[in-house]
Amino acid sequence: MSKIEKIESQAIIANGFEGDLVIRLSSRAKWGWAWLYCLGILFFSPLQLHAENPAATSEKTGIPANKIESGINEYDMTAKPRPVDKSVTSLSPKKENKSTTDHSKLEELQGPFSSGPEVTRACLKCHNKAGHQFVKNKHWTWKYHSKSGQDLGKSVLVNNFCTNAAGNEGMCAQCHAGYGLTDSRTYDFSNEENIDCLVCHDSTGKYYKLPPSRGNKACAVMFEGKDPIDWTRTAQNVTLPGRNNCGACHFYGGGGDNVKHGDLSSALFKPSKEIDVHMGTDGGNFSCVICHVGEGHEWAGSRYEPIAKDTQGKSKPGMPRQTSTCESCHGQQPHPASLMGIKLNDHTDRVACQSCHIPAYATGGVATKTHWDWRTAGKLKNGEGYREEGYIQGNGEPRHTYKSIKGNFKYAENVIPRYIWFNGKEKYLTVHDKFDPSRPVEINHLEGGPDDPDSRIWPFKRMETIQPYDKGNNTLVYMHLWGDDKDAFWGNYDYARAIKHGMEDFKLPYSGEYDFVKTYSYWPITHMVTPKEKALACKECHARKGRLEGLGGFYMPGRDHNKWVDMIGILAVLGTLLGVLGHGALRIILARRRKTK
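Reading the values: rules and limits
- Residues numbered from 1 in each chain as written.
- Predicted model: local features only at pLDDT ≥ 70, side-chain atom pairs only at ≥ 80, totals over all residues.
- Heavy atoms only, no water.
- Helix = DSSP H or I, 4+ residues; strand = E, 2+ residues; numbered from the N terminus.
- Buried < 20%, exposed > 50% of the residue type's maximum accessible area, 1.4 Å probe, protein only.
- Contact = heavy atoms within 4.5 Å.
- Areas by Shrake-Rupley, 256 points an atom, 1.4 Å probe, with all protein chains shown as cover.
- Phe/Tyr/Trp six-rings, centres within 6.5 Å; stacked < 30°, edge-to-face > 60°.
- Lys NZ or Arg CZ within 6 Å of the ring centre and 35° of its normal.
- Pairing = 2+ DSSP bridges.
- Disulfide = S-S within 2.5 Å.
- Core = buried A, V, L, I, M, F, W, Y, C linked by side-chain atoms within 4.5 Å.
- Polar contact = N/O pair within 3.5 Å; in protein donor to acceptor, adjacent residues only side chain to side chain.
- Salt bridge = Lys/Arg side-chain N within 4 Å of Asp/Glu carboxyl O.
- pLDDT = per-residue confidence, 0-100.

Draft legend 1. Here's a closer look at the overall build of the protein. Counting its secondary structure elements, the protein contains 16 helices and 14 strands. A burial count over the protein gives 49% of its 597 residues as buried. Of the contacts made within the protein by residues no fewer than 6 positions apart, 73% connect residues no fewer than 24 positions apart. In the form shown here, the protein has an accessible surface area of approximately 29,500 Å², with 55% of it arising from carbon and sulfur atoms.

Draft legend 2. View of the packing of aromatic side chains. Counting across every chain of the model gives 27 aromatic pairs. Joined through ring pairs, the aromatic side chains of F161, W372, W374, F409, F489, Y493, Y495, Y514, F516 and W523 make up one cluster. Sitting over the face of the ring of F409, K369 holds its NZ or CZ atom 3.6 Å from the ring centroid. The ring of Y386 carries K381 above its face, with NZ or CZ at 5.4 Å from the centroid.

Draft legend 3. Just unusual backbone geometry, in detail. The omega torsion of the bond from G111 to P112 falls at 5°, within 30 degrees of zero and hence cis. Inspection of the secondary structure puts P112 in the loop between β1 (67–68) and α4 (116–126). Located in the positive-phi region is N285, a residue other than glycine, with phi close to 55°. By secondary structure assignment, the location of N285 is in the loop between α10 (243–250) and α11 (327–330). In the Ramachandran plot, Y493 falls in the positive-phi region, its phi being about 55° despite a non-glycine side chain. Inspection of the secondary structure puts Y493 in the loop between α14 (489–492) and α15 (495–505).

Draft legend 4. Highlighting the pairing of strand β12 (residues 456–470). Burial within β12 is extensive, with 15 of its 15 residues counted as buried. Relative to β12, strand β4 (residues 368–373) runs parallel, the two being bridged by three bridges. Counted as the bridge partner of H371 is E464 from β12. Pairing of strand β8 (residues 418–422) with β12 involves five bridges; the strand directions are antiparallel. Residue pairing in the sheet places R418 in a bridge with F460 of β12. Pairing geometry for β12 and strand β13 (residues 475–476), over two bridges, is antiparallel. When the sheet's bridge partners are listed, D470 is paired in β13 with T475. Between β12 and β13, which follow one another and run antiparallel, lie four residues, and N474 among them has a positive phi close to 55°.

Draft legend 5. Layout of the state of the cysteines. Applying the stated rule across the entire model yields zero disulfides. Unpaired in terms of disulfides, C288 finds its nearest cysteine sulfur in C246, a separation of 3.9 Å. Residue class for C288 comes out buried when judged on its relative accessible area of 17%.

Draft legend 6. Focus on the nonpolar core. In terms of nonpolar packing, the biggest core is built from 41 residues, with W374, F489 and W490 touching the most fellow members. Of all elements in the fold, only β7 (407–412), β12, α14, α15 and β14 (514–524) reach the threshold of two or more residues within this core. A per-element tally of this core places α15 first, with four residues. Setting aside chain neighbours within four positions, we find F489 in contact with W374, A377, I405, H480, L481, D494, Y495 and A498.

Draft legend 7. Inspection of the side chain of S302 at higher detail. Checked against the element boundaries, S302 lands in the loop between α10 and α11. Overall, S302 belongs to the buried group, its relative accessible area being 19%. Separated by 3.2 Å, the side chain of S302 and the backbone nitrogen of Y304 make a polar contact. Among the polar contacts listed, one links the side chain of S302 to the backbone nitrogen of E305, at a separation of 3.0 Å.

Draft legend 8. Inspection of α4 at higher detail. Inspection of α4 places G116, V119, T120, A122, C123 and L124 among the buried residues, and these make up the whole buried set. The inward-facing, buried residues of α4 abut α5 (130–134), α8 (198–201) and α9 (231–236).

Draft legend 9. A look at the pattern of salt bridges. If you walk through the whole model with that rule in mind, you get 18 salt bridges. Across the pair E426 and R303 runs a salt bridge, and its minimum N-O distance is 3.5 Å. Of the two residues, E426 is situated in strand β9 (residues 426–428) and R303 in the loop between α10 and α11; the sequence distance between them amounts to 123 residues. The exposure class assigned to E426 is buried, which follows from its relative accessible area of 8%. Overall, the relative accessible area of 22% leaves R303 in the partly exposed class.

Draft legend 10. Representation of the side chain of H261 within the structure. Relative to the elements of secondary structure, H261 occurs in the loop between α10 and α11. Under the relative-accessibility criterion, H261 is labelled buried at 19%.

Draft legend 11. Broad picture of the confidence of the model for the protein. Looking at the protein as a whole, its pLDDT mean stands at 85, while 84% of the residues score no less than 70. In the predicted structure, residues 1–62 sits below a pLDDT of 50 and forms 112 contacts with residues beyond four places in sequence or in another chain.

What follows is the structure, given as structure tokens:
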């Protein structure tokens, strides 16, 4: 890995605040104690920088490059048996609190069933409100209307992974919580019988989902060699969602294991507490629903409008609530009432819990994708698409660094996050928005700053992609990727036809000219929380070359220097020291006088 690539994969960046120096010290902190504390960091805690993760390069893998690919198969993870976890789905204090229903004994579930909708029809006979609740959920609608007025969701947005689900539902709906979604413009979202109950509630690990359409010949390999689903047995073995249910889709978003988020991977199916203290099988062993609590088939937490600063106080783990934040369980003052704890609690209004308690993401041996270059897609060997596997991740499995259908990729593991001021507000770039292609384009712009009381320093993964855009209109484009027709890019590798088709499908203006533009997307890091003993030490940030080296717009003791502030701090420390020494000397003198009397 070159120096530039190393810097790009593990850089620490600011988010554009280059204004005047802002000195901000908490009103709760005492000058003398604060400076004594910071000087202690500087003089007694030498900074230790994180070393580059020794991930294998193509020279070290031992895997033949240019391996001929028999078809498009990287999406088959959701069609494989999943690890069946016994994760905790309820934190009820009553240990004897057991389910009162054995679904295998229910007459309605004796079958036989030959399809998913038949099972759903049987489920809704007893759970007669579930359908009405679920059709409002964004897992079903793929729509989200933000407080800022933006219409968001998979049905409209363009990302910088596989670009657009809109128009490609025949593939992307493999992770839709329903059956038969091949076109979101014509799909009947009011038909409750098409809700997929089993994808969230199966406990056998044998249930799987395939794309609702077969695509072209190159994609047929995804449908081969699959054991038929035993619909009756699956229906009789349902339970509350475990990590294996949620992870079947969320761990593989973006087209592969841990591709998208960076902190959601197959390593979390059965992790140790060293990977995630909450989900670790030797730790809390939590299922996702312990934090993302569901009420009426709506789950706490939002990718589009996350809560950057929860001021609502403390709830109880596992109890119904509207938030899935650290504060919702741990409160506003989570550290113990010691000198160190008081100082750490003084940080919580400006620093997100995750910034200290998730030192790195993409841990547990599963890499995350950091760079994607669509420009190189379309190369063939012997008339067929192929892949090159040039990266071996920590668990020993290979990752493709080139695929004909997508282009080139880069990966990273144990990555230090990027730290950015964030107040929970994001502005998403839609296919209608114009931009300047001469500089990198932000798919989602994060708002916030050091002068914003609602902002805190958050950790993020930044995904970098070079992807197609409309050169004449300076907008992003919809591409027709999946389909059994001459225009589908995953089969003909023709950008001109794929973009023209994708834009015409949605009656969007297209100049007829395309080019490529660099884009960034930002993904908040909230999972892979380490045990508290491995949280960041103060020295990792309060240092000249620390993690927050490039985050500007505010004054940080130990990192920044100002003549007058330094002088005041030194005087405060000296005053404190003289006071302690004077007090001690006075006690010694008085004690001697008492002895001489």
